[in-house]
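# Structure at a glance
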Amino acid sequence: MRKGTLAALLGLACIAFASTLAAQTTGTVRGTIKKPDGTAAAGAKVTLAGEAILGGTREVTAGSTGAYLFTGVPVGVYSVTVEAADLQAQTLQGVRVSLNATAVLDFDLAATFSEEVVVSGAAPLVDTASSSSSVNYGSEFIKDLPTRRNFYDMIALSPGISQSSEESDRQIAYGSNMQSSAWHVDGLDTSAPETGASWWYINPETIEEVQVLGIGAPAEFGNMLGAAFNVVTKSGTNQFRGSINAFLQTDSLTDSSIDLPDTDFPEFERDKYHDFTGTLGGPLVRDKWWFFVAAQTWRDGHTDPGADPAFTPINSADRYDAKLTGAFGDRNLVDFKLHYEDWSYPDAADAFTTPDALSGERGTNPAWSAGYQRVLTKSNTLDVKYAGWWSDDIHDSQTGSTATPFVDYSPPGGGPPTFSGSPVFPWEYETWRNQFDVKLTHFAEDFLGGDHDFRFGVQYNRGLAETFVAPGPAGYYVYRYEYYPGYPYYYRYEHTPYVYGGDQDAYSAFVDDTWRLGDKLTLNLGVRYDRHDARIPAYPELGFGFEPTGGTIPGVDPLLEWREISPRLGFAYAPGEDGKTVIRGSFGVYYDGNVSGNWDYPPPNREPGRLFWVEPGTFEIIELLAEFSTPAVGVDPDLDPPRTLQYALGFERQLGKHYAVGFEAIYKDTKDLVGWQILDDGVYEPFEFVDPVSGRVFTLLNQIEEPTKRKGNGPGFTAAGLIPEYYQDYRGATVSFRRRYADGWSLMSSYTWSESEGLIPRMLSQSQFNPFYGSREGSDPNNFIHADQLLQGDREHMFRVQGNFDLPWQMYFGGVVNLQSGAPHNRQTRVPGLNQGLVTVIMEPASDDRRKPFQSLVDLSLGRRFKLGDRGTIKLDLQLLNALNEDANQFFETLVLQPGDSFLPSDFIFPRRLMVRAGWEF
């Protein structure tokens with residue numbers, strides 16, 4: 001053991017005590033250099049050259065074992081040149097460095113007998129240094145693919161990913177819940193504190209690379225049970241480059257195959273669609289300061305089948321980005337980023353909601369970051385970053401209506417509930433996150449029998465979310481329900497406006513070691529420590545109209561304290577001599593992020609809700625029926641963070657120069673999800689209930705005395721018995737095949753088989769565990785009958801293909817194929833006559849026999865380039881989206897059925913449509 005290395009490790013370890021670094025924005029190049037006799041080429045000079053590097057090149061010297069390492073390499077394409085005294089120089093061109101990936105380039109030098117040897121396109125396709133499996137989409141691959149103009153659909157085409165609905169940011173990664181993935185943009189953690197989802201969108205023209213890191217993620221990545229979704233955006237270079245693009249759709253270019261019966265508006269209608277983008281990047285000072293700026297304006301208006309196209313809400317977003325990258329001397333790099341977004345997403349019209357009751361959301365999203373990198377020595381690099389973002393979200397009537405919301409749970413003729421007047425729960429929402437990261441990278445050569453790439457990181461992260469909300473603009477809403485046909489009852493529910501939310505701090509630390517033992521075996525070892533502290537702040541007391549009364553509602557501090565240690569173990573073994581095959585295996589402990597939407601409701605000391613019986617038509621109060629007191633937030637004092645044990649084993653093999661095939665088997669064991677917990681201190685009596693559809697008899701629990709309810713890791717006392725914990729099991733296998741770009745075409749494809757089942761806290765929903773927010777789902781013991789089932793995001797079969805092909809006459813073709821099983825669903829009913837009011841009960845659990853329709857989605861594009869010499873290239877293309885005109889529905893209007901009802905489809909796949917793009921690149 002070398003004393004210098006040991007001292008460096010001890011010194012670095014001393015700082016890794018408080019937190020973790022956010023996701024990387026770069027990759028790594030490493031390898032060994034040998035002389036003709038097989039000995040190490042110590043002292044050989046290695047030069048990495050590419051336009052993404054400030055100054056154009058970086059140099060290192062091979063150590064005593066011939067090993068070399070470049071860390072913090074911006075994603076892009078490079079050449080690597082090796083020079084050694086009395087030996088022939090070699091250059092390897094076309095080396096793609098991907099996000100969070102390692103390009104292993106070993107060189108066997110020959111004796112000097114001619115000029116330098118230059119090899120093109122021979123960089124390995126297989127990462128033989130990593131036990132993680134990931135999918136990386138570079139800008140060159142995705143820019144000509146047919147796209148729905150968001151990177152979420154690109155992520156949804158990765159192995160093991162199930163998207164909750166088309167164009168949604170809610171992704172279910174390898175069976176884990178939609179709130180349980182980590183989102184990063186240029187190292188900025190964009191995961192929202194209350195939702196766990198990515199809070200703001202990205203201009204697609206700014207994306208340099210997208211990575212889905214789903215299995216075997218190292219200790220640098222935490223606060224996730226599913227995947228880390230990482231995006232790095234473009235930077236300037238020494239060349240001025242830019243683009244202008246226009247994407248257009250119209251109703252005349254839309255071909256809807258949906259014909260919804262019993263409605264005046266049976267088809268999908270497109271009102272407008274346009275997306276205009278512009279980018280510009282280049283040098284302020286060559287080799288020293290680069291800039292990149294971008295803008296986007298996007299509008300989308302459509303109505304789904306059953307809705308009146310006379311009222312078509314328009315989704316809109318205006319996005320602006322700026323990035324500045326600079327260097328001080330040879331060892332200091334800095335970068336600054338700004339993002340701003342002004343957006344509005346009104347709900348699409350449907351057949352069951354009047355325009356004044358349709359809600360809309362609007363707000364702004366500013367974000368910022370500043371980073372500094374210092375090359376301390378040839379073996380040590382320091383990275384420091386500060387970043388943050390903020391957002392507001394106003395949710396109210398699209399027409400500005402302040403009328404009394406009205407819900408008809410028993411509409412004439414049956415069917416799903418109908419809504420009118422105004423939205424039932426308008427709100428105003430604010431959320432933000434700030435983070436500070438430090439990371440040290442140390443390359444230790446010939447230490448403990450091998451070469452090590454050590455990474456030590458610390459981070460402090462703070463986030464907050466708070467919501468001002470009321471039941472209707474005036475503090476109440478009215479609903480109608482027929483317990484028996486022909487005998488309707490009208491009710492008014494009210495309470496004063498209130499505010500709820502959560503404030504949280506996260507401290508983390510990690511150590512990762514990529515330990516290369518010889519030419520064949522690499523160990524990926526790491527450990528992560530996370531500390532989460534959360535509280536509910538004190539809030540002003542509100543009266544009707546959201547006016548403060550002058551009083552204060554005290555908060556709860558501390559609410560929870562989590563302390564987590566997450567070991568990660570993995571290996572990558574490269575049998576044979578060609579370095580084109582790798583066998584991977586990994587085990588890891590992963591803990592979920594602290595998603596405050598699971599525990600921040602109900603707020604402390606909220607006034608009781610009141611239920612009145614009212615007159616039909618006038619809604620005048622007849623009688624007070626009940627008061628519903630809401631206790632302060634109750635959380636199990638022994639609440640544990642959600643945890644997954646993840647196991648994976650697979651291999652990958654490069655075939656020839658350009659192909660790679662792989663296989664991976666995955667198992668995940670998840671427990672300690674956070675949901676409602678019912679203590680065994682309530683009083684009940686048996687209640688016999690006959691399923692009105694099947695005629696089966698169920699014994700439910702009729703509440704005599706209400707039990708204590710709080711947030712915990714298990715349901716507790718239920719009608720299905722005493723259930724100690726929520727859990728998930730995931731089993732999956734993935735086969736992948738890819739071809740890098742060569743001879744005019746490239747391809748990526750995968751097939752995933754999976755089974756995801758368990759008992760999760762939101763068992764009644766059609767989406768897989770969006771956070772609770774204000775939901776009481778799972779707080780009644782009868783909710784747990786048949787609740788152990790296939791999970792809502794399970795798709796047994798998923799086959800995906802994406803490819804680009806150059807054609808004669810400067811034409812090009814692109815295609816995306818996504819064939820996948822429909823998501824499973826259950827059947828529910830509402831049980832009247834219980835003392836606790838209407839209760840929803842699962843009559844038939846989700847299973848393979850109850851799935852939404854299989855989806856066959858095919859997108860195609862055909863275009864042509866027109867070269868303009870030094871003035872750039874004009875690109876014209878046609879993108880045929882949903883070429884097969886798939887009309888599968890993604891949701892049902894309700895899962896609650898009465899005799900004679902059937903599942904009514906809603907939220908259909910967007911129909912076949914042609915999008916025209918005209919663009920100019922220079």
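Here we summarise the structure given alongside this text. (Residues numbered from 1 in each chain as written. Predicted model: local features only at pLDDT ≥ 70, side-chain atom pairs only at ≥ 80, totals over all residues. Heavy atoms only, no water.)

### Here we look at the overall build of the protein
The helix and strand inventory of the protein stands at 3 helices and 58 strands. Whereas a compact globule of 922 residues would reach a radius of gyration of roughly 29 Å, the protein reaches 29 Å, a difference of no more than 12%. Dimensions along the principal axes, computed over C-alpha positions, put the protein at roughly 100 × 60 × 55 Å. Counting across all 922 residues of the protein, residues that qualify as buried make up 59%. Taking contacts inside the protein between residues at least 6 apart in sequence as the whole, the part at least 24 apart equals 72%. Accessible area for the protein stands at about 35200 Å²; split by element, carbon and sulfur atoms hold 56% of it. Measuring between centres, the 74 positive side-chain charges of the protein sit 9 Å from its 119 negative side-chain charges. (Helix = DSSP H or I, 4+ residues; strand = E, 2+ residues; numbered from the N terminus. Rg over C-alpha atoms; globule rule 2.2 N^0.38 Å. Buried < 20%, exposed > 50% of the residue type's maximum accessible area, 1.4 Å probe, protein only. Contact = heavy atoms within 4.5 Å. Areas by Shrake-Rupley, 256 points an atom, 1.4 Å probe, with all protein chains shown as cover. Lys, Arg positive; Asp, Glu negative; His and termini not counted. Charge placed at Lys NZ, Arg CZ, Asp CG, Glu CD.)

### Quick word on unusual backbone geometry
Here Asp 557 and Pro 558 are connected by a cis peptide whose omega angle stands at 0°. Examined against the element boundaries, Pro 558 turns out to sit in strand 35 (residues 556-573). Cis geometry marks the peptide bond from Tyr 601 to Pro 602; its omega dihedral reads 5°. Among the secondary structure elements, Pro 602 is positioned in the loop between strand 36 (581-591) and strand 37 (609-614). Here the phi dihedral of Asn 100 falls at roughly 60°; this positive angle occurs in a residue that is not glycine.

### Details of the pairing of strand 19 (residues 269-285)
Note: strand 17 (residues 241-249) against strand 19, 9 bridges, orientation antiparallel. Its bridge partner lying in strand 19, Gln 249 is registered against Tyr 273. Pairing of strand 19 with strand 20 (residues 289-303) involves 15 bridges; the strand directions are antiparallel. Note on strand 20: the bridge partner recorded for Thr 277 is Gln 296. (Pairing = 2+ DSSP bridges.)

### Thoughts on the side chain of Asn 885
Position of Asn 885 relative to the elements: it lies in the loop between strand 55 (873-881) and strand 56 (889-892). Among the polar contacts made by the side chain of Asn 885, one reaches the main-chain carbonyl oxygen of Asp 255 at a distance of 2.9 Å. Filtering out sequence-adjacent residues up to four positions away, Asn 885 remains in contact with Asp 255, Ser 256, Ser 257, Pro 911 and Arg 912. (Polar contact = N/O pair within 3.5 Å; in protein donor to acceptor, adjacent residues only side chain to side chain.)

### Focus: the environment of Gln 163
Among the structural elements, Gln 163 can be located in strand 11 (residues 161-163). In this structure Gln 163 comes out as buried when scored by relative accessible area, which is 11%. Separated by 10 residues in sequence, Gln 163 and Asp 153 place their C-alpha atoms 8.0 Å apart. Among all residues touching Gln 163, those that are not within four sequence positions of it are Tyr 152, Asp 153, Ala 156, Ser 168, Arg 170, Gln 171 and Arg 795. Among the polar contacts made by the side chain of Gln 163, one reaches the main-chain carbonyl oxygen of Ser 168 at a distance of 2.8 Å.

### Let's talk about the packing of aromatic side chains
The description of an aromatic ring pair uses the distance of the two centres, along with the angle that the planes make with each other. Applying the stated criterion across every chain yields a total of 39 aromatic pairs. Ring geometry for Tyr 409 and Tyr 479: centres 5.7 Å apart, planes at 80°, overall edge-to-face. Highlighted residues: Tyr 409 in the loop between strand 25 (406-408) and strand 26 (418-420) and Tyr 479 in strand 29 (residues 476-484), separated in sequence by 70 residues. Consider the rings of Tyr 489 and Trp 613, whose centres lie 6.3 Å apart with planes at 40°: the pair is tilted. In this pair, Tyr 489 is assigned in strand 30 (residues 487-494) and Trp 613 in strand 37, connecting sequence segments 124 residues apart. Tyr 489 gets classed as partly exposed once you look at its relative accessible area, which sits at 33%. Trp 613 gets classed as partly exposed once you look at its relative accessible area, which sits at 31%. Joined through ring pairs, the aromatic side chains of Tyr 152, Trp 183, Tyr 201, Phe 229, Trp 298, Trp 343 and Tyr 345 make up one cluster. (Phe/Tyr/Trp six-rings, centres within 6.5 Å; stacked < 30°, edge-to-face > 60°.)

### Quick look at the nonpolar core
Within the largest apolar cluster, 37 residues are counted, with the highest numbers of intra-cluster contacts made by Tyr 137, Phe 151, Ile 155, Trp 200 and Phe 229. Secondary structure elements with two or more residues in this core: strand 10 (133-138), helix 2 (139-142), helix 3 (151-155), strand 13 (182-185), strand 15 (207-215), strand 16 (228-233) and strand 24 (380-397). Setting aside residues up to four positions removed in sequence, Phe 229 forms contacts with Ile 155, Ile 161, Gln 171, Ala 173, Ser 181, Ala 182, Trp 183, His 184, Gln 211 and Val 212. (Core = buried A, V, L, I, M, F, W, Y, C linked by side-chain atoms within 4.5 Å.)

### Quick notes on empty space enclosed by the protein
Counting across every chain of the model gives 11 cavities of 30 Å³ or more. Considering only enclosed or pocket space, the second largest cavity measures out at about 140 Å³ in volume. Secondary structure elements with two or more residues in the lining of the second largest cavity: strand 31 (498-517) and strand 33 (539-542). The greatest single-element share of the lining of the second largest cavity, amounting to 4 residues, is contributed by strand 33. Taken together, the residues of the lining of the second largest cavity sort by class into 12 nonpolar, 2 polar and 3 charged. (1 Å grid on protein atoms, 1.4 Å probe; cavity = no way out; pocket = protein on both sides within 12 Å on 5 of 7 lines; lining within 4 Å. Points joined across faces, edges and corners; volume = space filled by probe spheres on them. Nonpolar A, V, L, I, M, F, W, Y, C, P; charged D, E, K, R; others polar.)

### Description of the pattern of salt bridges
One pass over the full model with this rule turns up 58 salt bridges. Across the salt bridge formed by Asp 533 and Arg 531, the nearest N and O atoms sit 2.9 Å from each other. Asp 533 sits in the buried class, given a relative accessible area of 10%. A salt bridge links Asp 557 to Arg 535; the shortest N-O distance between them is 3.6 Å. Residue Asp 557 is found in strand 35, and its partner Arg 535 is found in strand 32 (residues 521-536); the two are separated by 22 residues along the sequence. Exposure remark for Asp 557: the relative accessible area of 58% places this residue in the exposed category. A network of salt bridges, in which partner residues are shared, links Asp 144, Asp 806, Arg 865, Lys 875, Asp 877, Arg 917 and Glu 921. (Salt bridge = Lys/Arg side-chain N within 4 Å of Asp/Glu carboxyl O.)

### Some words on the sheet that holds strand 13
Judged by pairing direction, the sheet is mixed, and its 5 strands sit side by side in the order 10-15-16-13-14 without closing on themselves. Each edge of the sheet is formed by a strand with only one pairing partner; in this case those strands are strand 10 and strand 14 (188-189). By the bridge criterion, 6 bridges tie strand 15 to strand 16 in an arrangement that is antiparallel. Considered in strand 16, the bridge of Gln 211 is made with Asn 230.

### A look at the sheet that holds strand 29
The mixed open sheet is built from 6 strands, whose spatial order is 26-25-29-30-37-38. A strand with exactly one partner marks an edge of an open sheet, and here the two such strands are strand 26 and strand 38 (621-628). For this sheet, the mean angle separating the axes of adjacent strands, direction not counted, is 25°. Bridging between strand 29 and strand 30 involves 8 bridges; their strand directions are antiparallel. Its bridge partner being in strand 30, Tyr 484 is matched across the sheet by Tyr 487. (Axes fitted to C-alpha atoms, helices over the stretch in contact; angles between N-to-C directions.)

### Some thoughts on a negative patch on the surface
There is a patch of like negative charges on the surface, built from Asp 251, Asp 259, Glu 267 and Asp 271. Within the element layout of this structure, Asp 251 appears in the loop between strand 17 and strand 18 (254-255). Owing to a relative accessible area of 31%, Asp 251 belongs among the partly exposed residues under this scheme. (Patch = residues over 30% accessible without salt bridge, like charges linked within 9 Å, V, L, I, M, F, W, Y side chains within 5 Å.)

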